[in-house]
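One-letter residues, chain by chain:
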Amino acid sequence: MSTAVTDNLPILLVVEDEKNTRDGLRRYFDGKFDIYLAPDVTTAMNVLEAQPVDVLLTDLRLMGGTEGLDLLVRAQSIIHPPVCVLMTAYGSEKVAVQAMKRGAYDYITKPLDLEKLDAVLTRALHSRKVEKENQQLREELDKKFGLEKLIGNAPAMVAIYDRIRQVAPTRATVLIEGESGTGKELVAQSLHMLSPRKSARFVAVHCAALSPQLLESELFGHEKGAFTGAVERRVGRFEEANHGTIFLDEIGEIDAATQVKLLRALGEQTIQRVGSNQSLKVDVRVVAATNKNLETLVREGKFREDLFYRLDVVPIHLPPLRERREDIPLLIHAFIHEYSRQNQKRITGLSADAQETLQRYDWPGNVRELRAAIEHAVALCRGERIGVRDLPGRLLGQSTTTSGSAPNTLLSDQPNLNLESMEKSFIERALRLTDHNVTEAAKLLGISRRTLHRKIKTYQIKT
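Only a predicted model underlies this, so the values are computations on that prediction, with no experimental measurement involved.

## Examining the overall build of the chain
Here's step 1: A count of helical and extended segments in the chain gives 18 helices and 14 strands.
Here's step 2: Relative to its 463 residues, the chain shows a buried fraction of 48%.
Here's step 3: By sequence separation, contacts in the chain at least 24 residues apart represent 68% of the contacts at least 6 residues apart.
Here's step 4: With the model as given, the accessible surface of the chain reaches about 23,200 Å², and the carbon-plus-sulfur share is 50%.

## Looking at the confidence of the model for the chain
Here's step 1: Averaged over all residues, the pLDDT of the chain is 84; the fraction at 70 or higher stands at 87%.
Here's step 2: pLDDT under 50 marks residues 398-417. Its contacts with residues more than four places away, or in other chains, come to 38 contacts.

## Section: the sheet that holds strand β8 (residues 245-249)
Here's step 1: Pairing is parallel in the open sheet, where five strands are placed in the order β7-β8-β11-β6-β12. Single-partner strands in this sheet number two, and they are β7 (202-206) and β12 (314-317). In this sheet, adjacent strand axes meet at a mean angle of 20° when their direction is disregarded.
Here's step 2: As defined by bridge partners, strand β6 (residues 174-177) adjoins β12 across four bridges and the pair is classed as parallel. Of the residues in β12, the one forming a bridge with Val 174 is Val 314.

## Here's the deal with helix α8 (residues 212-220)
Each full turn of the α-helix corresponds to 3.6 residues, which orients residues three or four apart in the same direction.
Here's step 1: Among all positions of α8, only Leu 215, Glu 216, Ser 217, Glu 218, Leu 219 and Phe 220 are buried.
Here's step 2: For α8, the elements touching its buried residues are β7, α9 (237-240), β8, α10 (256-268) and β9 (270-271).

## Considering helix α18 (residues 449-458)
Here's step 1: Within the sequence span of α18, burial applies to Thr 451, Leu 452, Lys 455 and Ile 456. The buried residues of α18 occupy an angular sector of 140° when the element is viewed end-on, so they sit on one face.
Here's step 2: Phi turns positive, to about 55°, at Gln 460, one or two residues after α18.

## Digging into the sheet that holds strand β4 (residues 83-89)
Here's step 1: Taken in spatial order, the five strands of this open sheet run β2-β1-β3-β4-β5, and their pairing is parallel. This sheet does not close on itself; its edge strands, each paired only once, are β2 (34-38) and β5 (106-110). Neighbour-to-neighbour, the strand axes of this sheet turn through a mean angle of 20°, independent of strand direction.
Here's step 2: Where strand β1 (residues 11-15) and strand β3 (residues 55-59) come together, four bridges link them in parallel fashion. Within the sheet, the bridge partner assigned to Leu 12 lies in β3 and is Val 55.
Here's step 3: Helix α1 (residues 19-29) rests against β1, β2, β3 and β4 of the sheet, and its axis sits at about 175° to β2.

## Details of the pattern of salt bridges
Here's step 1: Counting across every chain of the model gives 33 salt bridges.
Here's step 2: Across the salt bridge formed by Arg 26 and Asp 23, the nearest N and O atoms sit 3.6 Å from each other. With Arg 26 and Asp 23 both in helix α1 and three residues apart, the pair spans about one turn of that helix.
Here's step 3: Residue Asp 23 is classed as buried on the basis of its relative accessible area, which comes to 10%.
Here's step 4: Arg 233 serves as the salt-bridge partner of Glu 223, at 3.0 Å between the closest nitrogen and oxygen. In this pair, Glu 223 sits in the loop between α8 and α9 while Arg 233 sits in the loop between α8 and α9, placing the two residues 10 residues apart along the sequence.

## Quick look at the packing of aromatic side chains
Here's step 1: Under the definition given, this model contains six aromatic pairs.
Here's step 2: Where Phe 220 meets Phe 238, the ring centres are 5.5 Å apart and the plane angle is 20°; that geometry is what we call stacked. With Phe 220 in helix α8 and Phe 238 in helix α9, the pair connects residues that are 18 residues apart, well separated along the chain. The same class applies to Phe 220 and to Phe 238, which are both buried.
Here's step 3: Here Tyr 361 and Trp 363 contribute two aromatic rings whose centre-to-centre distance is 4.6 Å and whose plane-to-plane angle is 85°, an arrangement assigned as edge-to-face.

## A closer look at unusual backbone geometry
Here's step 1: In the segment running from Lys 110 into Pro 111, the intervening peptide bond is cis, with an omega of 0°.
Here's step 2: Note on placement: Pro 111 falls in the loop between β5 and α5 (114-145).
Here's step 3: Notably, Gln 344 is not glycine yet its phi reads approximately 55°, a positive angle.
Here's step 4: On the secondary structure map, Gln 344 appears in the loop between α13 (328-342) and β13 (349-350).
Here's step 5: Take Gln 344: its relative accessible area is 77%, and that puts it in the exposed class.
Here's step 6: The backbone of Asn 366 shows a phi angle near 60°, a positive value even though the residue is not glycine.
Here's step 7: Examined against the element boundaries, Asn 366 turns out to sit in helix α15 (residues 366-380).
Here's step 8: For Asn 366, a relative accessible area of 0% puts it in the buried group.

## Brief notes about the nonpolar core
Here's step 1: Formed by 30 residues in total, the largest nonpolar core has its most connected members in Phe 238, Ile 246, Leu 248, Ile 251 and Phe 303.
Here's step 2: Where this core is concerned, the elements lending two or more residues are β7, α8, β8, α10, β11 (285-290), α11 (294-299) and α12 (305-311).
Here's step 3: Here the element with the most residues in this core is α10; it accounts for four residues.
Here's step 4: Residue contacts for Phe 303: discarding those within four places in its chain leaves Ile 251, Gly 252, Ile 254, Gln 259, Leu 294, Leu 297, Val 298, Phe 308 and Leu 311.
Here's step 5: Among the nonpolar cores identified, the runner-up in size contains 25 residues, and Leu 321, Tyr 339, Val 367 and Cys 381 belong to it.

Procedures and definitions
Residues numbered from 1 in each chain as written. Predicted model: local features only at pLDDT ≥ 70, side-chain atom pairs only at ≥ 80, totals over all residues. Heavy atoms only, no water. Helix = DSSP H or I, 4+ residues; strand = E, 2+ residues; numbered from the N terminus. Buried < 20%, exposed > 50% of the residue type's maximum accessible area, 1.4 Å probe, protein only. Contact = heavy atoms within 4.5 Å. Areas by Shrake-Rupley, 256 points an atom, 1.4 Å probe, with all protein chains shown as cover. pLDDT = per-residue confidence, 0-100. Pairing = 2+ DSSP bridges. Axes fitted to C-alpha atoms, helices over the stretch in contact; angles between N-to-C directions. Arc of directions from axis to C-beta. Salt bridge = Lys/Arg side-chain N within 4 Å of Asp/Glu carboxyl O. Phe/Tyr/Trp six-rings, centres within 6.5 Å; stacked < 30°, edge-to-face > 60°. Core = buried A, V, L, I, M, F, W, Y, C linked by side-chain atoms within 4.5 Å.

In structure tokens:
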């Protein structure tokens, strides 16, 4: 139920199970918002999925339960989540603060002070407006300055964007460090696109994929007859990248002989093709990347110290995805949009359970693994919202959120079952392992207590 639609008014969704309170809020805010009313979570989600709600105002406890928290989680799982403000009875502020840590903007206690509530909603609306403007500005800047492929608003990522913009116009060599799958090549591409060299070539070389002889030839080229199979002269990647940027991925894998030649290329800006004594002058900006600790390799005698210092002029460290979990929803929505378009599907978001599963998983493969998981889910999704059953099976076996965690042992000896049977089996075993303590079983499974209660009811599991 809603008021008459008024052009250009922001949309407010009020979720309150007491009719008098709903009606009172509608009368008070009529003319300031286009108001939708909902008595329960189901109705509220129908509105959220049908309308671009700007502000969600919901009671923390609906029908005596904790549905307000559930609604908060579900609201954050849609493509364009609203700003959420909670109403809570006096004395339960602690719960409201916990909800704010889960994404709520603010809360107000009951009985409601309407003027105070008006001020809170005004601030929330302003926050929404600023967020939209900042997002539009970021998109415009990113398209203009080459950062459009990098996604994330975590403080660590913002600092990386600033460093990229600062160092890109210079000639400085950059060393990008980070685990596999964190997006090191995307950072290298951004450095190139933001530099005066952007009209020249960006050449990527994946050093770990080539043997030492092939890598040397790949980087510096070779003369005809330089070795068996060299039937003609070959121009190397440094020559191809002249006046542009060369990206040396997994630089820690190169052998000692190639390290010497690379050191010369960096120091003198000259190279020699394999089988030639002639030096060639090149003007190349070098960006290197590694998932190893080069300083440790230096101490172990596996990497030249002088080369390390040549490469490590400006370091950029990319954090693993588990250390910037606040960016997971942004990445999910971007990948859903990308793969929905590629597969000509209309997928509007994902279920709260799926969102929670993705948020809790450790992502040892980082952004690359998340991208693959969303592509998998989009391919298997049969409706408009991705559910848990659409996710890769490996995501369902991990309940911890700490680095380096091992897979949940509940998966270790499961037979090949369909997903529903497997999920029921997990729940039954978790309950047995925790002596049927629902709270502890939920923690073990990595889901909320309320979600576990719902699944127990669905699968008719005796507790």
